[in-house]
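# Observations on the model geometry
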Amino acid sequence: MKSGGRFGGIPGKLMLFAFTAAMLWCGVPGLCHGAAADAPYYAPKKPIDLGGRSVQFVFTDLRGEYTQLACSDAAPAGGTEFDDKDGFDFFKNYLLRMAKESSASIEHSSDNVIQVQLEVLSPRIFGFLFLRVHGLTQFSVKSKSLNNRYCSDMKDGDPDSPLSLTSVGTRKSAMRTMVSGSTTKTVEAFLADLSKSLVEQPPHGEQENPEVKTPDQPSR
């Protein structure tokens, strides 16, 4: 998933200049905003098999109620292409695609109803000359057997990031890539938990407060 390896022969100063120039060019309001649907899709790194079990997802957009991640000090940025309905549709379609590719049978009449509440979906860029691109994702899941919050602050250069520190691209493409990578990371953790919950005996009742699950934290 690393996309920066092929730029390894380009001198560091040239890469920094190219990326900084792209940042300044894309700083013109509205110039680099496009459809969030154009963000790339990344499949889970580890295969997940939901065994064709029937599930029904009900999505709610709660991003207006959250100004902070549960797993990081980074706060979501405003004014990005992911803020409006396009961002919500991006997340919903992304999760559904990953669920289908993990052999879930998505049915509107299923008794296994899973409430998915999107809380944060945002790119962030920090730094002046040395820039770091973040993808912030957070959502909560409630069902008969799950009550968890999944959270990720993925940065370029992270071991599982689709961008390395030497990747070159426009501001728009970098932000889209990091949001996609962060979304894959959190949804993969959720689907892994869902797979276990579907084969295990569900606990009686639901937890009162959601458990915060970062993707690097082992499942219970």
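In what follows, the structure referred to is the one given above.
Because the structure is predicted, anything quoted here is derived from the model rather than measured. (Residues numbered from 1 in each chain as written. Predicted model: local features only at pLDDT ≥ 70, side-chain atom pairs only at ≥ 80, totals over all residues. Heavy atoms only, no water.)

On to the overall build of the protein. Helix and strand counts for the protein come out as three helices and six strands. Mapped from its N terminus to its C terminus, the protein presents α and β elements in the order α-β-α-β-β-β-β-α-β. Pairs at least 24 residues apart make up 76% of the contacts formed inside the protein by residues separated by at least 6 positions. As displayed, the protein has an accessible area near 11,100 Å², and 55% of this comes from carbon and sulfur atoms. (Helix = DSSP H or I, 4+ residues; strand = E, 2+ residues; numbered from the N terminus. Contact = heavy atoms within 4.5 Å. Areas by Shrake-Rupley, 256 points an atom, 1.4 Å probe, with all protein chains shown as cover.)

Take the state of the cysteines next. Each disulfide consists of one covalent bond between the sulfur atoms belonging to two cysteines. The final tally for this structure, using the stated rule, is one disulfide. Disulfide pairing places Cys71 opposite Cys151 at an S-S distance of 2.0 Å. As the torsion about the S-S bond is roughly -70 degrees, the Cys71-Cys151 disulfide counts as left-handed. Here the residue Cys71 occupies a position in the loop between β1 (54-61) and α2 (85-101), and Cys151 occupies one in strand β5 (residues 147-155), the gap between them amounting to 80 residues. By relative accessible area, which is 30% here, Cys71 ends up partly exposed. A relative accessible area of 1% places Cys151 in the buried class. (Disulfide = S-S within 2.5 Å. Buried < 20%, exposed > 50% of the residue type's maximum accessible area, 1.4 Å probe, protein only.)

At a closest axis distance of 10 Å, the pairing of α2 and helix α3 (residues 171-199) adopts a crossing angle of 50 degrees. Between α2 and α3, the angle falls in the class oblique. You can see that α2 and α3 cross each other, and the crossing is right-handed. Mapping the contact onto sequence places Phe90, Phe91, Tyr94, Leu95, Met98 and Ala99 in α2 and Val179, Ser180, Thr183, Thr184, Val187, Glu188, Phe190 and Leu191 in α3. (Axes fitted to C-alpha atoms, helices over the stretch in contact; angles between N-to-C directions. Parallel < 35°, antiparallel > 145°, perpendicular 65-115°, else oblique. Left-handed = near helix turned anticlockwise from the far one by under 90°.)

This next bit is on α3. Between its terminal C-alpha atoms α3 stretches 43 Å, which fits the 42 Å expected from 29 residues at 1.5 Å a residue. In terms of residue burial, α3 counts as a mostly covered element, since 22 of its 29 residues are buried. (Expected span 1.5 Å × (residues − 1).)

Take the environment of Ser109 next. Structurally, the position occupied by Ser109 is in the loop between β2 (105-106) and β3 (113-126). The class for Ser109 is exposed, based on a relative accessible area of 63%.

A word on the packing of aromatic side chains. Taken as a whole and judged by the stated rule, the model has ten aromatic pairs. When the centroid spacing of 4.9 Å and the interplanar angle of 50 degrees are considered together, the rings of Tyr41 and Tyr94 count as tilted. Here Tyr41 is found in the loop between α1 (12-25) and β1, whereas its partner Tyr94 is found in helix α2, with 53 residues between them in sequence. The interplanar angle of 55 degrees and the centroid separation of 5.2 Å between the aromatic rings of Phe91 and Phe139 together place this pair among those described as tilted. Residue Phe91 is located in helix α2, and its partner Phe139 is located in strand β4 (residues 132-142); the two are separated by 48 residues in the primary sequence. Of the two residues, Phe91 and Phe139, neither departs from the other in class, the shared state being buried. Through pairs of rings, three or more aromatic residues link up here, namely Phe57, Phe59, Phe91, Phe139, Tyr150 and Phe190. (Phe/Tyr/Trp six-rings, centres within 6.5 Å; stacked < 30°, edge-to-face > 60°.)

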